[in-house]
Amino acid sequence: MTLVAIVNPNTDEATTATMAAIARRTLRAEDGYEVRGVTVAAGPPMLVDEEALRASAGHVLDAAGRLLAGPDGARVAALVVAAFGDPGVEELRARTPLPVVGIAEAALREAGADGRRFGIATTTPRLAAAIDARVTALGWSPQYTGLRLTSGDPRRLASRPADMTDRLAEAVDLCVREDGAEAVVIGGGPLGEAAEALRHRLPVPVVGPIPAAARELRLLLGQPTRRGTPKG
C-alpha cells in the first residue's frame, strides 16, 4: 500500500478524520493507497487569523517529523499539508525528498488550468490578506478574480454545516456573477464537505482543495487519476 499522510495544521481531530475521508475518495484503498490523517500536537482547533496560520507551520513540521521518524516512517510516500495557507510546505520540502503538496497550491493549479479565471470563497475574513498573498506568491494573480467571504463568525458557522454550505454557495455565486470567475475554489481544508456538496449544486466548477491535492498526488506518484488533473 502507498501511504499518504494528510497533515492537519489545526488540532481538531474530527476535522482530520473528515479530510482524510475525503482524500480516500480519490486515493482509494482498492487502487493501492492508504491515507492516514495526522493532527498537529499544538495550536487552535481552527485557523482563523494570520498569527495562528504562521504559528502552525512549526507544528506541521513537528507532526511530519514525528511521523517520518516513527515505525511507519519508511512507508510514507507523500505528505499533504491540509490548511489553505499551505503552512510549512516549503520548509517541509527542504527537509524531505518525499512529494509534499499544499492544498492551496493544488486547488489554485486546478482552478486556473488552461487560463481559466477563478475566485476563492471562504469563511475566514482575518485570513483574507494571507490568502491573497498566497495567490500572488504562486503566480496566479493575472487569473484571480478575488476573494468572497461568508458573513458571521467562522467557528460558529463551522458548527452548523448546512448553514455554512448555504453561505458558501452565496459567496460562490458572487464570485461568478459579480467578479466573472469561471471556477471557484473553496478556501479551506475544514470546508471539504461543503466543497463536495457545492460541486453538485452550482453551474461552474467548484474546486475542493483536498480532492485537488489528492488528484495531484496520484500524478506525482505515477498513477493516473480517474479525473485528469489539468496543468496550470
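Okay, so let's go over this structure. (Residues numbered from 1 in each chain as written. Predicted model: local features only at pLDDT ≥ 70, side-chain atom pairs only at ≥ 80, totals over all residues. Heavy atoms only, no water.)

Some remarks on the overall build of the chain
In terms of regular secondary structure, the chain is built from nine helices and eight strands. Taken over C-alpha atoms, the radius of gyration comes to 16 Å for the chain, in line with the 17 Å a tight globule of 232 residues would show. Its C-alpha atoms give the chain principal-axis dimensions of about 50 × 35 × 30 Å. Taken across its 232 residues, the chain has 53% of its residues classed as buried. (Helix = DSSP H or I, 4+ residues; strand = E, 2+ residues; numbered from the N terminus. Rg over C-alpha atoms; globule rule 2.2 N^0.38 Å. Buried < 20%, exposed > 50% of the residue type's maximum accessible area, 1.4 Å probe, protein only.)

Some thoughts on the pattern of salt bridges
Oppositely charged side chains can pair when the atoms bearing their charge come close. Counted according to the given criterion, the structure contains 24 salt bridges. One salt bridge connects R28 with D31, and the closest N-O pair in it is separated by 3.3 Å. Judged by its relative accessible area of 18%, D31 falls in the buried class. A salt bridge links R160 to D163; its shortest N-O distance comes to 2.8 Å. Exposure remark for R160: the relative accessible area of 35% places this residue in the partly exposed category. Three or more residues joined by partner-sharing salt bridges are found here, namely D86, E90, R93, E105 and R134. (Salt bridge = Lys/Arg side-chain N within 4 Å of Asp/Glu carboxyl O.)

Quick look at the environment of A63
The residue A63 is located in helix α2 (residues 50-69) in this model. Residue A63 is classed as buried on the basis of its relative accessible area of 1%. Note: C-alpha distance between A63 and P9 (54 residues apart in sequence) is 8.8 Å. Not counting residues up to four positions away in its chain, the partners in contact with A63 are V7, V38 and V40. (Contact = heavy atoms within 4.5 Å.)

Topic: the pairing of strand β2 (residues 33-39)
Here strand β1 (residues 2-8) runs beside β2; their pairing, made up of seven bridges, is parallel. Bridging from a neighbouring strand, V7 pairs with V38 of β2. In the classification by handedness, the crossover that spans β1, the intervening helix α1 (residues 13-24) and the parallel β2 is right-handed. (Pairing = 2+ DSSP bridges. Right-handed = clockwise from strand over helix to strand, strands pointing away.)

A word on the nonpolar core
Burial of nonpolar side chains together is a common tendency in soluble globular proteins. Within the largest apolar cluster, 40 residues are counted, with the highest numbers of intra-cluster contacts made by V4, I6, F84, L108, F118, I120 and V185. For this core, the element with the highest residue contribution is helix α4 (residues 103-111), accounting for six residues. Setting aside residues up to four positions removed in sequence, I120 forms contacts with F84, L108, I131, V135, Y144, G146, L147, R148, C175, V184, V185 and G187. Counting 17 residues, the second-largest nonpolar core is a separate cluster that includes A121, L168, A171 and A194. (Core = buried A, V, L, I, M, F, W, Y, C linked by side-chain atoms within 4.5 Å.)

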